[in-house]
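Structure assessment
The chain contents come next:
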Amino acid sequence: MSGSDKSHSNVRLDNGMRHQARKRFGQNFLKDAAIIARIIDHINAQPSDHVLEIGPGQGALTESLARNAGRLDCVELDRDLARYLDKYFVNNDKVTIIQQDILKFDLDSLTDKPHSLRVIGNLPYNISTPVLFYLLRKHELINDMTFMLQLEVVQRMVAGVGDKNYGRLGLMLQYFCEVEHLFNVPSSAFSPQPKVASAIVQLRPHRQMPVQAADADMLQQVIRTAFNQRRKTLKNSLKGIISEAALQDLPVDITLRPENLSLQDYVVISDAISSQTEA
Ligand code: SAM
């Protein structure tokens with residue numbers, strides 16, 4: 001989620017236990033009932049849904065998810081909060097609390113059914129990009145993902161060609177998913193309050209890929225290389241990964257800068273490199 005200030009508060013949990021919000025875990029707990037209700041409405045969990053909540057924290061979203069979903073698995077890194085939630089949901093068979101780092105968690109242990117998982121999370125801002133890329137690797141297991149993130153990150157996620165926020169994050173997410181910026185959330189909705197604005201974003205992995213690269217890792221490498229040198233034209237930035245001859249043969253204008261090429265253009269470049277490596 002978002003960068004937080006230093007005044008991390010001491011909050012009382014339902015069982016009377018006090019919890020000191022931990023900055024290193026990006027803990028900014030949602031407190032605004034209207035915002036919580038709006039997020040829950042958008043998710044609209046059903047008894048047939050298998051939901052994975054990342055970082056349930058003190059359970060702001062968890063309670064409603066547990067009520068509506070058929071199955072709810074929660075992965076929480078903080079041992080104290082995981083223990084608290086485990087006790088809280090002890091009599092609810094639908095809910096499982098797993099104390100683990102989501103980046104080390106094996107998503108395959110939850111299901112092998114394609115497009116079955118609905119992933120939810122008010123994510124800690126410091127790991128939001130790694131979490132998104134980690135989930136993309138398992139996109140075929142996921143039905144949809146709804147996240148609270150730093151607004152600036154959401155703007156990068158939805159940015160299209162020519163937009164100043166257009167880059168690696170948006171391109172890779174849009175390659176795998178349809179991405180929708182749902183609504184913004186003010187800092188006042190959290191305790192402790194983050195310094196930056198937040199937003200809710202929804203991602204739906206494509207069932208049919210609109211564009212498909214021969215090798216998605218190569219696509220990622222091309223995009224990373226291009227945007228690492230934003231000021232350079234493609235002709236100059238891609239020199240190290242594609243031969244001069246193949247570069248000249250590309251049906252893409254290589255005198256352009258990376259922000260002016262579409263996802264389709266990047267797929268064409270990536271495929272040209274893949275076939276060059278195979279040859
Ligand atoms: N969902 C709660 C809410 O909306 O109030 C808490 C959100 S708080 C921004 C982020 C939560 O993610 C915290 O509970 C934190 O302990 C947990 N967290 C941080 N890093 C994590 C990780 N690597 N894996 C799983 N949970 C993590």
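The notes below deal with the structure included here. Here the structure is a predicted model, which means the values were calculated and not measured.

1. Some points on the packing of aromatic side chains
Describing an aromatic ring pair means giving the distance of the ring centres and the angle of the ring planes. Scanning the entire structure with this criterion turns up 5 aromatic pairs. Plain terms: the ring middles of Tyr175 and Phe176 are 4.9 Å apart, the flat faces sit at 80° to each other, and that makes the pair edge-to-face. Residue Tyr175 shares its accessibility class with Phe176, and that shared class is buried. Put simply, the rings of Tyr84, Tyr88 and Phe89 touch in pairs and so form one group of aromatic residues. Just above the ring of Phe25 sits the side chain of Arg24; from NZ or CZ to the centre is 4.6 Å. A cation over an aromatic ring shows up here: Arg38 above the ring of Phe183, its NZ or CZ 3.8 Å from the ring centre.

2. Looking at the side chain of Asp78
Within the fold, Asp78 resides in the loop between β5 (71-76) and α3 (79-88). Relative accessible area serves as the criterion here: at 0%, Asp78 is assigned to the buried category. A distance of 2.7 Å separates polar atoms of two side chains, one belonging to Asp78 and the other to Arg22. Polar contacts involving the side chain of Asp78 include one to the side chain of Gln27, which spans 2.8 Å. Residue contacts for Asp78: discarding those within four places in its chain leaves His19, Arg22, Phe25 and Gln27.

3. Examining the nonpolar core
Within the largest apolar cluster, 60 residues are counted, with the highest numbers of intra-cluster contacts made by Leu135, Phe147, Met157, Leu203 and Tyr266. Both domains that meet at this core, namely domain 1 (23-205) and domain 2 (216-278), each give it at least three residues. Excluding anything up to four places from it in sequence, Leu135 contacts Ile54, Leu107, Val119, Ile142, Met145 and Phe147.

4. As for the pattern of salt bridges
Side-chain pairs of opposite charge can arise whenever the charged atoms involved come near each other. This model, assessed by the stated rule, comprises 10 salt bridges. Among the salt bridges present, the one from Asp78 reaches Arg22, with a minimum N-O distance of 2.7 Å. Here Arg22 lies in the loop between β2 (18-20) and β3 (29-30) and Asp78 lies in the loop between β5 and α3, a separation of 56 residues in the sequence. A salt bridge links Glu178 to Arg204; the nearest nitrogen and oxygen atoms lie 3.1 Å apart. With Glu178 in strand β9 (residues 177-185) and Arg204 in strand β11 (residues 198-205), the pair connects residues that are 26 residues apart, well separated along the chain. Accessibility expressed as a relative area gives 24% for Arg204, which makes it partly exposed. When salt bridges with common partners are traced through the structure, they connect Arg22, Asp78, Asp80 and Arg83 into a single cluster.

5. Comments concerning the site of the ligand
The environment of the ligand is formed by 22 residues, the closest being Leu30, Gly55, Glu76, Asp101 and Asn122. Between an oxygen atom of the ligand and a side-chain N or O atom of Glu76, the distance comes to 2.5 Å. In the model, an oxygen atom of the ligand is placed 2.7 Å from a nitrogen or oxygen of the Asn122 side chain. Considered on its own, the ligand offers 600 Å² of accessible surface; in the complex 98% of this is hidden by protein. Elements supplying a minimum of two residues to the shell around the ligand: β3 and β5. Residue composition of the shell around the ligand, by class: 11 nonpolar, 7 polar and 4 charged.

Analysis parameters
- Residues numbered from 1 in each chain as written.
- Predicted model: local features only at pLDDT ≥ 70, side-chain atom pairs only at ≥ 80, totals over all residues.
- Heavy atoms only, no water.
- Phe/Tyr/Trp six-rings, centres within 6.5 Å; stacked < 30°, edge-to-face > 60°.
- Buried < 20%, exposed > 50% of the residue type's maximum accessible area, 1.4 Å probe, protein only.
- Lys NZ or Arg CZ within 6 Å of the ring centre and 35° of its normal.
- Helix = DSSP H or I, 4+ residues; strand = E, 2+ residues; numbered from the N terminus.
- Polar contact = N/O pair within 3.5 Å; in protein donor to acceptor, adjacent residues only side chain to side chain.
- Contact = heavy atoms within 4.5 Å.
- Core = buried A, V, L, I, M, F, W, Y, C linked by side-chain atoms within 4.5 Å.
- Domains from an automatic or database assignment.
- Salt bridge = Lys/Arg side-chain N within 4 Å of Asp/Glu carboxyl O.
- Near = heavy atom within 4 Å.
- Areas by Shrake-Rupley, 256 points an atom, 1.4 Å probe, with all protein chains shown as cover.
- Nonpolar A, V, L, I, M, F, W, Y, C, P; charged D, E, K, R; others polar.

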